[in-house]
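# Coordinates in review
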Amino acid sequence: DAGVIQSPRHEVTEMGQEVTLRCKPISGHNSLFWYRQTMMRGLELLIYFNNNVPIDDSGMPEDRFSAKMPNASFSTLKIQPSEPRDSAVYFCASTYKTGWDTQYFGPGTRLTVL
Amino acid sequence: GQQLNQSPQSMFIQEGEDVSMNCTSSSIFNTWLWYKQDPGEGPVLLIALYKAGELTSNGRLTAQFGITRKDSFLNISASIPSDVGIYFCAAAGGSNYKLTFGKGTLLTVNP
């Protein structure tokens, strides 16, 4: 299994630009999570999908952030417009049943907004 | 909100030494987890603890779920250079999908 796949691995953009991060969960997994990691705040859950439906988006920082999961094998996290304070590593994780021992993280996308 | 206080923030040890790190909280949790993160990678689960008082080992790693359900520790015995990385504790309460993470312990092992 290829594991959770994220793209791009690195993104450098200018303030005000739209940024789209992509995630392909592990085949057969029915839950998907987007996390953000910063030095100041550590790892934070942004949004959780179950069976492609957003269940909890209370961690999404503001309306500039949006996430979609059009099917079981693809999710996007979009930031529009991006700001320097959005610079962070964004992780996608997936799991297929209750029980944290089945949750696997992707390698992350390091986003830098200039 | 719920917070996990992880300590120490960093450790510099010699190869072969034992390591101990812990997480505490003022909140009660149902699950405690320990992850390791290598540079440029996502966190990888090391040990999951589901019962208060539970003591679990995974090779040279041992972790315990505190009896009060407010804390957990991770021990690494006979450290080796590949143990280098950031170790995170995480905990879950009533929800079965929301994890709270500690800020991490950066471990450096000198050969």
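One can find the structure itself at the top, above this paragraph.
The present account deals with the structure reproduced in this document. (Residues numbered from 1 in each chain as written. Chains lettered and ligands numbered in written order. Predicted model: local features only at pLDDT ≥ 70, side-chain atom pairs only at ≥ 80, totals over all residues. Heavy atoms only, no water.)

### Let's talk about the interface of chain A and chain B
- Counting from both sides, the interface comprises 21 residues of chain A and, opposite them, 18 residues of chain B.
- In total, about 1600 Å² of surface goes out of reach between chain A and chain B, with carbon and sulfur atoms giving 60% of it.
- The largest contributions to the chain A side of the interface with chain B come from Leu43, Trp100 and Phe105 of chain A, which together make up 38% of the buried area.
- On the surface where chain A and chain B come into contact, there are one salt bridge.
- Breaking the side of chain A that touches chain B down by element, the ones donating at least two residues are strand 4 (31-38) and strand 5 (42-50) of chain A. (Contact = heavy atoms within 4.5 Å. Buried area = accessible area lost by both parts, 1.4 Å probe. Salt bridge = Lys/Arg side-chain N within 4 Å of Asp/Glu carboxyl O. Helix = DSSP H or I, 4+ residues; strand = E, 2+ residues; numbered from the N terminus.)

### Some thoughts on unusual backbone geometry
- With omega at -10°, the peptide bond leading from Ser7 of chain A into Pro8 of chain A counts as cis.
- Cis peptide bonds are those with omega within 30 degrees of zero, and the linkage from Ser7 of chain B to Pro8 of chain B qualifies with -5°.
- A positive phi angle is found at Asn51 of chain A, which is not glycine, with a value near 50°.
- Looking at the element boundaries, Asn51 of chain A is found in the loop between strand 5 and strand 6 (53-56).
- Of note, Asn52 of chain A is a non-glycine position whose phi angle comes to about 75°, a positive value.
- Position of Asn52 of chain A relative to the elements: it lies in the loop between strand 5 and strand 6.
- The exposure class assigned to Asn52 of chain A is partly exposed, which follows from its relative accessible area of 29%. (Buried < 20%, exposed > 50% of the residue type's maximum accessible area, 1.4 Å probe, protein only.)

### Things to note about the packing of aromatic side chains
- This model, assessed by the stated rule, comprises nine aromatic pairs over all chains.
- Considering the side-chain rings of Phe33 of chain A and Tyr35 of chain A, the 6.2 Å spacing of their centres and the 25° angle between planes classify their relative orientation as stacked.
- A residue is classified by how much of its surface remains accessible, and Phe33 of chain A, at 1% relative accessible area, is buried.
- Through a chain of ring-to-ring contacts, three or more aromatic side chains come together here, namely Phe33, Tyr35, Tyr48, Phe91 and Phe105 of chain A together with Tyr35 and Phe101 of chain B. (Phe/Tyr/Trp six-rings, centres within 6.5 Å; stacked < 30°, edge-to-face > 60°.)

### Quick word on the sheet that holds strand 7 (residues 65-71) of chain A
Residue and element names in this part refer to chain A.
- Strands sit in the order 1-3-8-7 across an open sheet of four strands; the sheet is antiparallel. Strands with a single pairing partner mark the edges of an open sheet, and in this sheet they are strand 1 (5-7) and strand 7. Geometrically, the sheet is characterised by an average inter-axis angle of 15° between neighbouring strands, direction not taken into account.
- By the bridge criterion, five bridges tie strand 7 to strand 8 (residues 74-79) in an arrangement that is antiparallel. (Pairing = 2+ DSSP bridges. Axes fitted to C-alpha atoms, helices over the stretch in contact; angles between N-to-C directions.)

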